[in-house]
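Analysis of the macromolecular model
If you want the building blocks of each chain, they are given just below.
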Amino acid sequence: MKTTPFPPAPHVGLVQIKEAAKVLGVSLVTVRRRVRTGLPHIRIGGRLYFKMNELHAYIEAHRGALIY
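Reference entry: report on the structure contained in this document.

It is worth spelling out the pairing of strand E3 (residues 47–51) at this point. In the sheet, strand E1 (residues 14–16) pairs with E3 via three bridges, with the strands oriented antiparallel. Note that in E3 the partner of Gln16 across the bridge is Tyr49. Where strand E2 (residues 42–44) lies against E3, three bridges are found, and the strand directions are antiparallel. Looking at E3, one finds that Ile42 is bridged to Tyr49. Following E2, the chain reverses through two residues before pairing antiparallel with E3; Gly45 in that reversal takes a positive phi of roughly 60°.

The structure is reproduced here in structure tokens:
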């Protein structure tokens, strides 16, 4: 019997909000605020997930313009 592998989980390669806050150097509240103002994210089951490359791109794009 041939088995078919399951597709990868949708959250593989994503970080949760705590890790995103560490990468951005801000609080969880600030991450949530930035989500409302355009921080790229993915919502799965009501939880926020972030791609590391998008977090780094966001930092570069907003360097010097971010107010904490």
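It is worth spelling out the pattern of salt bridges at this point. Scanning all chains against the criterion turns up one salt bridge. Between Arg63 and Glu60 there is a salt bridge whose closest N-O contact spans 2.5 Å. For the pair shown, Arg63 and Glu60 are each scored as exposed.

Next up on the list: helix H1 (residues 17–24). Regarding H1, the residues found buried are Ile17, Ala20, Ala21 and Leu24. Taken down its axis, H1 places every buried residue within 100° of arc, on the same side. Turned more than 90 degrees off the buried face of H1, the exposed positions are Lys18 and Lys22. Against the buried residues of H1 lie E1, helix H2 (28–36), E3 and helix H3 (52–61). Looking one or two places after H1, you find Gly25, whose phi comes out positive at around 75°.

Looking now at the nonpolar core. Counting residues in each nonpolar core, the largest one holds 13 residues, and the members touching the most others are Leu24, Val31, Val35, Leu39, Phe50 and Leu55. Secondary-structure elements contributing two or more residues to this core are H1, H2, E3 and H3. With four residues, H1 is the largest single contributor of residues to this core. If sequence neighbours within four positions are ignored, Val31 has contacts with Ile17, Ala20, Ala21, Leu24, Val26, Leu39 and Phe50.

Conventions and cut-offs
- Residues numbered from 1 in each chain as written.
- Predicted model: local features only at pLDDT ≥ 70, side-chain atom pairs only at ≥ 80, totals over all residues.
- Heavy atoms only, no water.
- Pairing = 2+ DSSP bridges.
- Helix = DSSP H or I, 4+ residues; strand = E, 2+ residues; numbered from the N terminus.
- Salt bridge = Lys/Arg side-chain N within 4 Å of Asp/Glu carboxyl O.
- Buried < 20%, exposed > 50% of the residue type's maximum accessible area, 1.4 Å probe, protein only.
- Arc of directions from axis to C-beta.
- Contact = heavy atoms within 4.5 Å.
- Core = buried A, V, L, I, M, F, W, Y, C linked by side-chain atoms within 4.5 Å.

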